[in-house]
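# An overview of the molecular structure
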Amino acid sequence: DTAVSQTPKYLVTQMGNDKSIKCEQNLGHDTMYWYKQDSKKFLKIMFSYNNKELIINETVPNRFSPKSPDKAHLNLHINSLELGDSAVYFCASSQELGQGLTSNEKLFFGSGTQLSVL
Amino acid sequence: DQQVKQNSPSLSVQEGRISILNCDYTNSMFDYFLWYKKYPAEGPTFLISISSIKDKNEDGRFTVFLNKSAKHLSLHIVPSQPGDSAVYFCAASKDNYGQNFVFGPGTRLSVLP
């Protein structure tokens with residue numbers, strides 16, 4: 001009964017490949033996110049998305065694209081993988097974009113996907 | 001430009017003693033702060049938060065102190081337990097909207113039995 005689950009946990013691939021990471025949340029939340037934890041361990045937001053609005057961090061290359069088939073899922077597609085894309089990617093969810101977060105509406109994170117590009 | 005800094009990558013504390021994790025920020029517009037805890041192979045989980053209208057928030061063994069003039073907050077854990085061993089992330093935001101949180105690099109706490 002994991003609240004936010006993402007697959008795969010580990011992903012090893014060659015440069016130039018296209019890959020996807022899947023994320024599902026069973027919390028009934030309206031907003032989902034993708035974060036990247038870089039080599040310096042900073043967690044940086046890549047996207048936030050609900051059924052009304054996609055907010056993209058302007059530093060994210062357009063090789064990265066979120067795809068949401070429904071509000072419980074937000075998958076991350078990465079085209080033409082590069083060495084620098086190697087990182088841990090975390091999916092997260094919260095109650096609703098634009099409503100602010102209270103202590104009851106904090107971010108819930110998945111367990112992460114470690115991507116290694118060779 | 002690291003807007004949220006956690007200058008101690010690691011900290012070791014004896015069981016039963018106090019753990020103090022520090023966080024500094026540079027953006028004076030930040031007014032909502034959170035601490036997240038992360039075990040290996042798991043995602044971060046929310047621990048405690050504080051808004052700028054307060055200077056202290058307490059939840060059981062965990063207390064967060066905020067000093068806005070110094071742009072500094074700290075997390076106190078007392079008494080520390082071995083199960084507290086984890087990486088602790090400080091996060092800050094200008095509002096409390098999830099997409100605007102800026103995270104620090106984390107401090108790895110080891111509580112020694």
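Just above sits the structure.
Overview of the structure. The structure displayed is predicted, hence computed values, not measured ones.

How each quantity is defined
Residues numbered from 1 in each chain as written. Chains lettered and ligands numbered in written order. Predicted model: local features only at pLDDT ≥ 70, side-chain atom pairs only at ≥ 80, totals over all residues. Heavy atoms only, no water. Helix = DSSP H or I, 4+ residues; strand = E, 2+ residues; numbered from the N terminus. Buried < 20%, exposed > 50% of the residue type's maximum accessible area, 1.4 Å probe, protein only. Contact = heavy atoms within 4.5 Å. Areas by Shrake-Rupley, 256 points an atom, 1.4 Å probe, with all protein chains shown as cover. Lys, Arg positive; Asp, Glu negative; His and termini not counted. Charge placed at Lys NZ, Arg CZ, Asp CG, Glu CD. Salt bridge = Lys/Arg side-chain N within 4 Å of Asp/Glu carboxyl O. Pairing = 2+ DSSP bridges.

### Side note on the overall build of chain A
Tallying secondary structure elements over chain A gives zero helices and 11 strands in all. In sequence order, chain A lays out its α and β elements as β-β-β-β-β-β-β-β-β-β-β. Taken across its 118 residues, chain A has 44% of its residues classed as buried. Within chain A, contacts between residues at least 6 apart in sequence are counted, and of these 59% link residues at least 24 apart. As displayed, chain A offers around 5900 Å² of accessible surface, 48% of which is attributable to carbon and sulfur atoms.

### A word on the overall build of chain B
Secondary structure summary: chain B contains zero helices and 11 strands in total. Taken along its principal axes, the extent of the C-alpha atoms in chain B is 40 × 30 × 20 Å. Considering only intrachain contacts with a sequence separation of at least 6, the fraction spanning at least 24 residues in chain B is 56%. Working note: accessible area of chain B is about 5300 Å², and carbon and sulfur atoms make up 48% of it. Treating the 11 positive side-chain charges of chain B as one cloud and the 10 negative ones as another, the clouds have centres 3 Å apart.

### Side note on the pattern of salt bridges
For the structure shown, the criterion picks out seven salt bridges over all chains. Here B:Asp84 and B:Lys37 are joined by a salt bridge, their closest N and O atoms 4.0 Å apart. Remark: B:Lys37 occurs in strand β4 (residues 32-38) and B:Asp84 occurs in the loop between β8 (72-77) and β9 (86-93); sequence separation between them is 47 residues. The salt bridge partner of B:Lys56 is B:Glu58, with a shortest N-O separation of 4.0 Å. Assessed through its relative accessible area of 41%, B:Lys56 is described here as partly exposed. Look at the salt bridges and you will find they share partners, linking A:Arg63, A:Glu82 and A:Asp85 into a network.

### A closer look at the sheet that holds β8(B)
Residues and elements named next belong to chain B. Read across the sheet, five strands follow the order β1-β3-β8-β7-β6 without closing on themselves; strand pairing throughout is antiparallel. Only two strands of the sheet have a single neighbouring strand rather than two, namely β1 (4-5) and β6 (56-59). The pairing of strand β3 (residues 19-25) with β8 spans six bridges and is antiparallel. Bridge pairing in β8 links Ser19 to Ile77.

### As for the pairing of strand β3 (residues 19-25) of chain A
Each regular strand carries side chains that alternate between the two faces of the sheet. Residues and elements named next belong to chain A. With four bridges joining them, strand β1 (residues 4-7) and β3 adopt antiparallel strand pairing. Paired with Ser5 across the bridge in β3 is Glu24. Looking at chain direction, β3 and strand β8 (residues 75-78) are connected through three bridges and run antiparallel. Bridge assignment links Ser20 to a residue of β8, and that residue is His77.

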